[in-house]
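# Geometric and topological summary
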Protein chains: 2
Amino acid sequence: MTRYKLTLEYDGRGFVGWQRQDNGPSIQQALEDAIERFSGERVAVTGAGRTDAGVHALGQVAHFDLAAARDPDEVFGALNHHLKPAAIAVLAAEAADDDFHARFSALGRRYRYRIVNRRAPLTHELGLAWQVPQALDEAAMAEAAARLVGRHDFTTFRSVHCQADSPVRTLDLLSVERDGARLFIRAAARSFLHHQVRSMVGCLALVGMGRWTPDDVEAALVARDRAQLGLNAPSDGLFFVRADYPDEG
Amino acid sequence: MTRYKLTLEYDGRGFVGWQRQDNGPSIQQALEDAIERFSGERVAVTGAGRTDAGVHALGQVAHFDLAAARDPDEVFGALNHHLKPAAIAVLAAEAADDDFHARFSALGRRYRYRIVNRRAPLTHELGLAWQVPQALDEAAMAEAAARLVGRHDFTTFRSVHCQADSPVRTLDLLSVERDGARLFIRAAARSFLHHQVRSMVGCLALVGMGRWTPDDVEAALVARDRAQLGLNAPSDGLFFVRADYPDEG
């Protein structure tokens, strides 16, 4: 048996999300089907982050096992060939240690959220960003973001469908940067709760609009009550950027 | 009569280009139709740059006249409403002087070209970038680009369909920058010949691949012969970024 590690990019539009589901095409299933087409083996693919419907990836990480060893470069080429025309690309394919696990070995995960802050509708970024027409104050958003960094009970920012044992997470980074009409929100943590990034981004947007203060965000966090959530940002702007593992430089 | 200046963003996919044609939808026609739907007036829209099929815009500029004066903010809102679902957005609408001309008043035009330099196929950037699998040497490309800057006869880099009176243009900027797998080529000039940016990018890519030297690019320029052109880059990666006018700060 040989274990392979994949680094993946995908456009989340048209997918029900990472995880295989009965109601439509998933990233996981597209990968498993492509692996079967070139290797003849039916395998299970495990991802570092189970992204939701419409959420994109720039550097998702996944692993799977093959009974017959293959050259990683063959895996790279064959998978990219058999994935077409799905908007999923294998950026890298490597042989991995048998104990490498895309989900459980990950020491950190990074997400990026893109807001286009303007009144005009989106064109080439449609489905790839959240258009917010109201003027956003990025300094206030950054101040509110700082209140969420650290180890907290994130119950307020957790989907009712979240399956994690504990609502406690350590948020290592939550930054807000503006580049013209575009705002980029970056989040890093060992792991996130279901909908945590989108829930945090939604509340930061309320702060940016002046409808909430940074204190309101902190009060919502401390309340540990999902009903206190101000706004869940749409999936469109969310990108899974990367997962970090122990052996990497 | 009131003249209006529009700043436009669009996704060039699905359009035959800026100019009205019989063989499919154009940006110009979509704008003229939208203006008629909200104003009842059939007008002609003039653009700063007549982008080709599949070429995008981040800041195209256009003008048109209305017999009945309207508030520019009404023009902004109504046009964005009536343009849907076309991937064309009005970023700004202003009243302009009667002698403002989007094409003839422009003192400068800027384009940006995006290359994704990797073996993996594109996902969310499909149609918005040129994927080049061979390793590109951006330093060699920048050196070659410098040979093209200045006032030259650009016959080699001009489409056979170019309608300009003279093949002489002054290229103010042609820069090459890498950001990870992405290369951004920026070009600025008072005006460009038809296919000039894509022709220059194609030759720079040949240099990046090591198939041409910067000297080869200069020799092709001096030859003033379209048959010397190495490669025309696809429309996908090309964005019309902005047009500059005399009265602007």
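Use the structure listed above.
Below you will find a few notes about this structure. Remember, predicted model here, so these are calculated numbers, not experimental data.

Criteria and thresholds
- Residues numbered from 1 in each chain as written.
- Chains lettered and ligands numbered in written order.
- Predicted model: local features only at pLDDT ≥ 70, side-chain atom pairs only at ≥ 80, totals over all residues.
- Heavy atoms only, no water.
- Axes fitted to C-alpha atoms, helices over the stretch in contact; angles between N-to-C directions.
- Helix = DSSP H or I, 4+ residues; strand = E, 2+ residues; numbered from the N terminus.
- Parallel < 35°, antiparallel > 145°, perpendicular 65-115°, else oblique.
- Left-handed = near helix turned anticlockwise from the far one by under 90°.
- Contact = heavy atoms within 4.5 Å.
- Salt bridge = Lys/Arg side-chain N within 4 Å of Asp/Glu carboxyl O.
- Buried < 20%, exposed > 50% of the residue type's maximum accessible area, 1.4 Å probe, protein only.
- Least-squares fit on C-alpha atoms with pLDDT ≥ 70 in both.
- Patch = residues over 30% accessible without salt bridge, like charges linked within 9 Å, V, L, I, M, F, W, Y side chains within 5 Å.
- Areas by Shrake-Rupley, 256 points an atom, 1.4 Å probe, with all protein chains shown as cover.
- Lys, Arg positive; Asp, Glu negative; His and termini not counted.
- Charge placed at Lys NZ, Arg CZ, Asp CG, Glu CD.
- Nonpolar A, V, L, I, M, F, W, Y, C, P; charged D, E, K, R; others polar.
- 1 Å grid on protein atoms, 1.4 Å probe; cavity = no way out; pocket = protein on both sides within 12 Å on 5 of 7 lines; lining within 4 Å.
- Points joined across faces, edges and corners; volume = space filled by probe spheres on them.

### Some details on the packing of helix H3 (residues 138-148) of chain A against helix H4 (residues 196-209) of chain A
All names here are of chain A.
- Taken N-terminus to C-terminus, the directions of H3 and H4 make an angle of 140°; their axes are 8 Å apart at the nearest point. One way to sum up the angle between H3 and H4 is to call them oblique. In terms of crossing hand, the pair formed by H3 and H4 is right-handed. Within the contact between the two elements, H3 uses Ala 140, Met 141, Ala 144, Ala 145 and Leu 148 and H4 uses Met 200, Leu 204, Ala 205, Val 207 and Gly 208.

### Structural notes on the environment of Arg 211 of chain A
All names here are of chain A.
- By the element assignment, Arg 211 lies in the loop between H4 and helix H5 (214-223).
- Sequence separation of Arg 211 and Gly 230 is 19 residues, and the distance between their C-alpha atoms is 9.7 Å.
- Apart from the residues within four sequence positions on either side, Arg 211 is in contact with Leu 206 and Asp 216.

### Focus on the pattern of salt bridges
- One pass over the structure, following the stated rule, counts 42 salt bridges over all chains.
- When the shortest N-O distance is used, the salt bridge between Arg 118 of chain B and Glu 9 of chain A registers 2.8 Å. Taken together, the residues span two chains, with Arg 118 of chain B in the loop between strand E5 (108-116) and strand E6 (130-131) and Glu 9 of chain A in strand E1 (residues 2-10).
- Looking at Arg 118 of chain B, the relative accessible area reads 12%, which means it is buried.
- Linking Arg 147 of chain A and Glu 218 of chain A is a salt bridge whose minimum nitrogen-to-oxygen distance equals 2.6 Å.

### Examining the relation of the copies chain A and chain B
- Of the transformation placing chain A onto chain B, the axial shift is 0.0 Å and the rotation is 180°, giving an RMSD of 0.0 Å. Overall, the copies show the geometry of a two-fold rotation axis.
- Comparing interface residues between copies, 100% of those in chain A also lie at the interface in chain B; the contact surface is shared.

### Regarding a negative patch on the surface
Residues and elements named next belong to chain A.
- A surface patch of negative charge is lined by Asp 97, Asp 98, Asp 99 and Asp 247.
- Relative to the elements of secondary structure, Asp 97 occurs in the loop between strand E4 (88-96) and strand E5 (108-116).
- Residue classification places Asp 97 among the partly exposed residues on the basis of a relative accessible area of 49%.

### Here we look at the packing of H3 of chain A against H5 of chain A
Residues and elements named next belong to chain A.
- In the contact formed by H3 and H5, the axes pass within 8 Å of each other and the chain directions differ by 25°. Judged by the angle between their axes, H3 and H5 are roughly parallel. The chirality of how H3 crosses H5 is right-handed. Contacts from Ala 140, Glu 143, Ala 144, Arg 147 and Leu 148 in H3 reach Pro 214, Asp 215, Val 217, Glu 218 and Leu 221 in H5.
- Counted by class, the contact of H3 with H5 contains 6 nonpolar, no polar and 4 charged residues.

### With respect to the layout of surface pockets
- Quantified by volume, the largest pocket comes out at close to 1400 Å³.
- Elements represented by at least two residues in the lining of the largest pocket include exactly E5, strand E8 (168-179), strand E9 (182-189) and strand E10 (238-244) of chain A together with E5, strand E8 (168-179), strand E9 (182-189) and strand E10 (238-244) of chain B.
- Here the element with the most residues in the lining of the largest pocket is E9 of chain B; it accounts for 5 residues.

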